[in-house]
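This is what each chain is made of:
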Amino acid sequence: MPYTFNTPDDVEAMLQAIGAASVDELFQQIPDTFRLKRPLKIGPALGELELTQHMTRLSAKNSHAGQKVCFLGGGCYDHFIPAAVDTLASRGEFYTSYTPYQPEVSQGNLQAIFEYQSMICELTGMDVSNASLYDGGSATVEAVLMSIAATTRHGKVVVCQSVHPEYRQVVETYLENFETEVVTIRHEDGTTDLKQLQKAVDDKTSCVVIQHPNFFGCLEDVETVAKLAHKNGALLVQAFDPTSLGILKNPGQLGADIAIAEGQCLGNPMAYGGPYLGILAAREQFIRRMPGRIAGQTVGDGGKRCWVLTLQTREQHIRRDKATSNICTNQGLFALRASIYLALMGPSGMQRLGELCARKSNYAAAQLTANTRFERAFDAPFFKEFVVRDSTGKVSQLLRQCEDAGFFAGIALERWYPDLADCFLVAVTEKRTRAEIDSLVNSMAGTSRKTEKVHA
Amino acid sequence: MRNRLATKLLSELSKPGRQGVRLPDPDVLAKESLEDLIPREFLADAPPPLPELAEPDVIRHYTNLSTLNMSIDTHFYPLGSCTMKYNPKRNERIAAFPGVAELHPYQSERSLQGLFALLFEMQEILAEISGLPAVSLQPAAGAHGEFTALLTAAAYFRDKGMKRTKVLAPDSAHGTNPASAMMAGFDAVTIKSTPDGQVDLNHLKTELDDHLAVFMITNPNTLGMFDRQMGEIAKLVHGAGGLIYLDGANMNAILGITRPGDFGVDMMHFNPHKTFSGPHGGGGPGAGPICVTQALGPYLPSPIIAKDGDQYRLDYDRPKSIGRVRSFFANTGVLVRAYCYIRTHGPDGLKRVSEQAVLNANYLLNRVKHIFPVPQGDRCMHEFVASAATLKKEKGISAMDIAKRLLDYGFHAPTVYFPLTVPEALMIEPTETESKETLDAFAETLFRITDESAESLHAAPTSTIIRRPNEVQAARQPIVKWTKPD
Amino acid sequence: MKPEDLFFLETHEWVHVDSNGGAKIGTIGISAFAVEQLTDLVFMELPKVGAKISAGDELGEVESVKAVSPIYSPVSGEVIEVNKDLPNKLEILNSDPYGQGWIAKIKITDEGSLDKLMDYKAYQKQCAS
């Protein structure tokens, strides 16, 4: 027993104090018929050394983004994480604390959440932010549910096809048992078909969900879509990329009512899909419709500024079946990491980050499509990802060859977009160097030998 | 020494021109103007007005902030229902291995065989511990698991052509239960508890009809008692064609001792961040994998990990699946830590976890019960709910007074005023990773507090950095972000 | 208004019925006892003017820091006016719950619901028990 203290003498003394003859006697309230009368069939106990060796062996069977040059995106990105993020977030006082239910001994966490909310508002141009949700998908559906509640329109939700396909699936799963219809607006050349959208949005529509930059990396005309939604009394929900906001107009400027994002890119490891960070920010008038925890500023004895969890009556532990959401946890640790990341980056760091992504991805697109086998599938301007069409149609073979040559080269789109079976999505973050991009281009041109490992 | 000055906000520390990270100059398209790449109408006039700080500013700021928190690494944290056990450091190092932390969710399956082997084994482990064979690792938290299981149940009933609309949960249940039921499209109905904290069977029977979809139960319940009527409840609910859902919040009491699948449960979630010791990180992340019977398996979210020969893959070919409840596979990082915890203990060790957790709780119960009566009796599972009602009546000392004063003595407070069914409730869960000495010191401190005057206790805590934050003001005029002073 | 002139629901709402002219108008609020029990109020949600309400329906909500209480309508009818300023001046509920602290006025369509209400004496007895 690696983490317990009680010695046989302790156990004896404790049983005596309780008045029980054995530890087993303490379980008498469980009917005997329910007792498991054999050991659990799970692997034998491993000491720290053996566990570490076991996990080293297992993880060696994976290839990771430190070994293969990573051009994968689609909502999760290989961005640089400054050491200070890991150092600070791994402090036990943050790491091993819980929800700040006792504000007097949780001011560190509460202030950190308040600063997270402040910086998310500064980043997005929105008025209010919650303390975070599970991930981009949950933030999307919570924004949709908020819109339905705020507009009291249960008829229709309009979602653009260029929104992350998994976010859309989450929305559909959540609304499966309700009358609300989920209408998907097809993309036209990589961006939302505005004519079709105009036809779909009406006085039964609670919100339009658009992503910008969208799943294909393309930039959408959010301002026009926002006006269209508002004209019909619907809300605009914009999924955004936090790393784009050093250079692109923010959701507040574009007219979004609720802005949501996957916050993984802000200093959080990719870790095969989670845990991540769901960002949700909104205009002031929706604050009482927001799901999840919110930290607020107040004063303590003597007028000292301090922080508490506030507007808790929205939440499940008080309102139970009438709560704004069933959500209980926030992603405290990942909100903290994102805050530290944003504090380190500052305005100039975010601007440089955005520029690097834009320049490098544009360079990569130009270099890749210099090869006649490839072309960009869509003409629309993009931020850090773009869709490449392979004229030979052999996408899976190509990606496999690239992986053998040392690259996670892209994401095949067929799984979500059957009509894009000959296409793949390439993401280029600030971490990718010119040499890496050039090597990928060479590799795809078939000039690179299979054994060559390229990693800067 | 605590740095008492260090509570300025980042924005108040900011000074134009400071920078914490310096990214490289562009090595491609460096000469092009940004407008050549992205049309002007998309571009912001200025970068976001974030604070400007140097790295040492940020380090000192957050390091000082951290010292304002109580945590498991620094304090005893007997927060009932939250299972605040020690978070092993080996798990952190392993979860940070590049072969775990630097895996992209859309990598090829062949590049993920080690991780898939672990996740597949995790599915099998959770099936074995729960006694329920079909597993989804997808949900992101306990409440999310509840919700996902209810969607699974809804899909099952729909597929069977049944229209069942009602989800029942006892009044002592976590608020997430009725909230999840509503979100999944059901009507939530509350079932009363008897004075000793068991489900009121007479009330339950009045709700057993062909509208019943799911009965949600927390067992061991929030009073720390195993519901002795479990067999009968299962018979009743199943007899009415309903399913039983177990809120797995209290699994720390029964690992390897009894299995939900063996006591009539059809669906459940685990809280790996509680039971299997994931760090709580100031309120998340967690994970909420769910286990269900074979019959419900086809409706679970997609994908799951499948094994063909010695190869692992993601199985999306599940036509009856409810679909997806989150983006990407799962909270993998949390699951890896849980896996490490489980493999560290092995079969005997896991059982000992529950035995020691229950021993610690019973020991503490029996040390304090003469001052804090425990309505449900002399025995408990991994936690118990004591009442300060007598103290309040006789001396004017409330559960809140005790909670706040404990902070002065260096203990985190228990959960107070929950469950709602016990007046002046103090819900205490010591967990197995505390020593007899800590439990004794905690009990002695409780006694000492009850000897203090009610008046002085109302002023507690007196040693913390802030006292009595004005929650009314915070809620009346919410200030939820920093704004630049005029 | 004096509480003696009002009728009460078990759930602590009061109604005052005016019948000048044809239609009966019910003015609705919550009792001093309820305000005291809820402690410091922080938020109130009013009904919408024009809403059709049945007796026993939720008319709105009042919140303290850690509790939410629905406000039930003692009568059936249509909401014709709400006390718009009240949510911003919740302290009025403490100082004048039966006067300036009124919440909504309802044009009563079904007078049957009035029979089920308590007078002040009966209500006081309920609060004392």
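Predicted, not measured: the structure shown is a model, and the values here were computed from it.

Definitions and limits used
Residues numbered from 1 in each chain as written. Chains lettered and ligands numbered in written order. Predicted model: local features only at pLDDT ≥ 70, side-chain atom pairs only at ≥ 80, totals over all residues. Helix = DSSP H or I, 4+ residues; strand = E, 2+ residues; numbered from the N terminus. Rg over C-alpha atoms; globule rule 2.2 N^0.38 Å. Buried ≥ 20, exposed ≤ 12 C-beta atoms within 10 Å, placed from the backbone. Contact = placed C-beta atoms within 7 Å. Nonpolar A, V, L, I, M, F, W, Y, C, P; charged D, E, K, R; others polar. Pairing = 2+ DSSP bridges. Right-handed = clockwise from strand over helix to strand, strands pointing away. Core = buried A, V, L, I, M, F, W, Y, C linked by C-beta atoms within 7 Å. Axes fitted to C-alpha atoms, helices over the stretch in contact; angles between N-to-C directions.

**Student:** Please explain the overall build of chain B as it appears in this structure.
**Tutor:** If you tally the helices and strands in chain B, you get 17 helices and 12 strands. Relative to a compact globule of 486 residues, whose C-alpha radius of gyration would be 23 Å, chain B shows 25 Å and is just as compact. Each of the three principal axes of chain B carries a C-alpha extent, and together these read 80 × 65 × 45 Å. Counting every position in chain B, which comprises 486 residues, the buried fraction comes to 60%.

**Student:** Any chance you could explain the interface of chain B and chain A here in plain terms?
**Tutor:** Accessible area lost upon the coming together of the parts is a frequently used measure of interface size. Opposite the 165 residues of chain B that make contact, chain A presents 166 residues. Broken down by element, the residue count for the side of chain B that touches chain A peaks at 22 residues, all from helix α12 (residues 332–368) of chain B. Residues that form the side of chain B that touches chain A fall into these classes: 90 nonpolar, 51 polar and 24 charged.

**Student:** Help me understand unusual backbone geometry, please; the structure alone is not making it clear to me.
**Tutor:** A negative phi angle characterises most non-glycine residues, just as the trans form characterises most peptide bonds. A cis amide bond, omega -5°, links B:Ser302 with the succeeding residue B:Pro303. Turning to its location among the elements, B:Pro303 is positioned in the loop between β7 (290–292) and β8 (304–308). Look at the link from B:Ala460 to B:Pro461: it is a cis peptide, with omega at 0°. Phi at A:Thr152 takes a positive value of approximately 50°, unusual for a residue other than glycine. With respect to the secondary-structure elements, A:Thr152 resides in the loop between α6 (136–151) and β3 (156–160). A positive phi is found at B:Thr83, a non-glycine position, where the angle reads about 45°. Within the element layout of this structure, B:Thr83 appears in the loop between α3 (55–66) and α4 (89–95). For B:Thr83, a count of 26 C-beta atoms within 10 Å corresponds to the buried category.

**Student:** Whenever I open this one, the pairing of strand β4 (residues 181–185) of chain A confuses me. Can you help?
**Tutor:** Working note: regular strand, side chains alternate between the two faces of the sheet. Residue and element names in this part refer to chain A. As paired elements, β3 and β4 share five bridges and run parallel to each other. Paired with Val 157 across the strands is Val 182, a residue of β4. For the segment spanning β3, helix α7 (residues 165–175) and β4, crossover handedness is right-handed.

**Student:** What exactly am I supposed to notice about the nonpolar core here?
**Tutor:** Among soluble globular proteins, nonpolar side chains are generally buried collectively. A:Phe71, A:Val208, A:Val237, A:Ile258, A:Ile340, B:Leu150 and B:Leu426 are the most contacted members of the largest nonpolar core, which totals 349 residues. It is helix α12 (residues 332–368) of chain A that contributes the most residues to this core, 20 residues altogether. Contacts of B:Leu426, omitting those with residues within four sequence positions, involve B:Phe372, B:Val385, B:Ala386, B:Ala388, B:Ala399, B:Ile402, B:Pro414 and B:Val416.

**Student:** How do you make sense of the interface of chain A and chain C when you look at a structure like this?
**Tutor:** On the chain C side, the residues contacting the four residues of chain A number four residues. The class makeup of the residues in the side of chain A that touches chain C is one nonpolar, two polar and one charged.

**Student:** How should the sheet that holds strand β2 (residues 128–129) of chain A be read in this particular structure?
**Tutor:** In sheet architecture, strand pairing relies on hydrogen bonds along the backbone and comes in two forms, parallel and antiparallel. Residue and element names in this part refer to chain A. Judged by pairing direction, the sheet is mixed, and its seven strands sit side by side in the order β2-β10-β9-β8-β7-β3-β4 without closing on themselves. Single-partner strands in this sheet number two, and they are β2 and β4. Relative to strand β9 (residues 258–262), α6 is tilted by about 165°, and along the sheet it contacts β3, β7 (205–212), β8 (235–240), β9 and β10 (278–282). Sitting on the sheet, α7 touches β3, β4 and β8, and the angle it makes with β4 is about 160°.

**Student:** Where do I start with the pairing of β8(A) in this structure?
**Tutor:** All names here are of chain A. The buried fraction of β8 amounts to six of the six residues, a majority that puts the element mostly inside the structure. Here β8 shows two buried faces, one formed by Leu 235, Val 237 and Ala 239 and the other by Leu 236, Gln 238 and Phe 240. Two elements, β7 and β8, share six bridges in a ladder whose sense is parallel. Counterpart to Gln 211 in the pairing with β8 is Ala 239. At this point the chain moves from β7, through helix α9 (residues 222–231), to the parallel β8, and the crossover so formed is right-handed. Across three bridges, β8 lies against β9 in parallel orientation. Counterpart to Ala 239 in the pairing with β9 is Ile 260.

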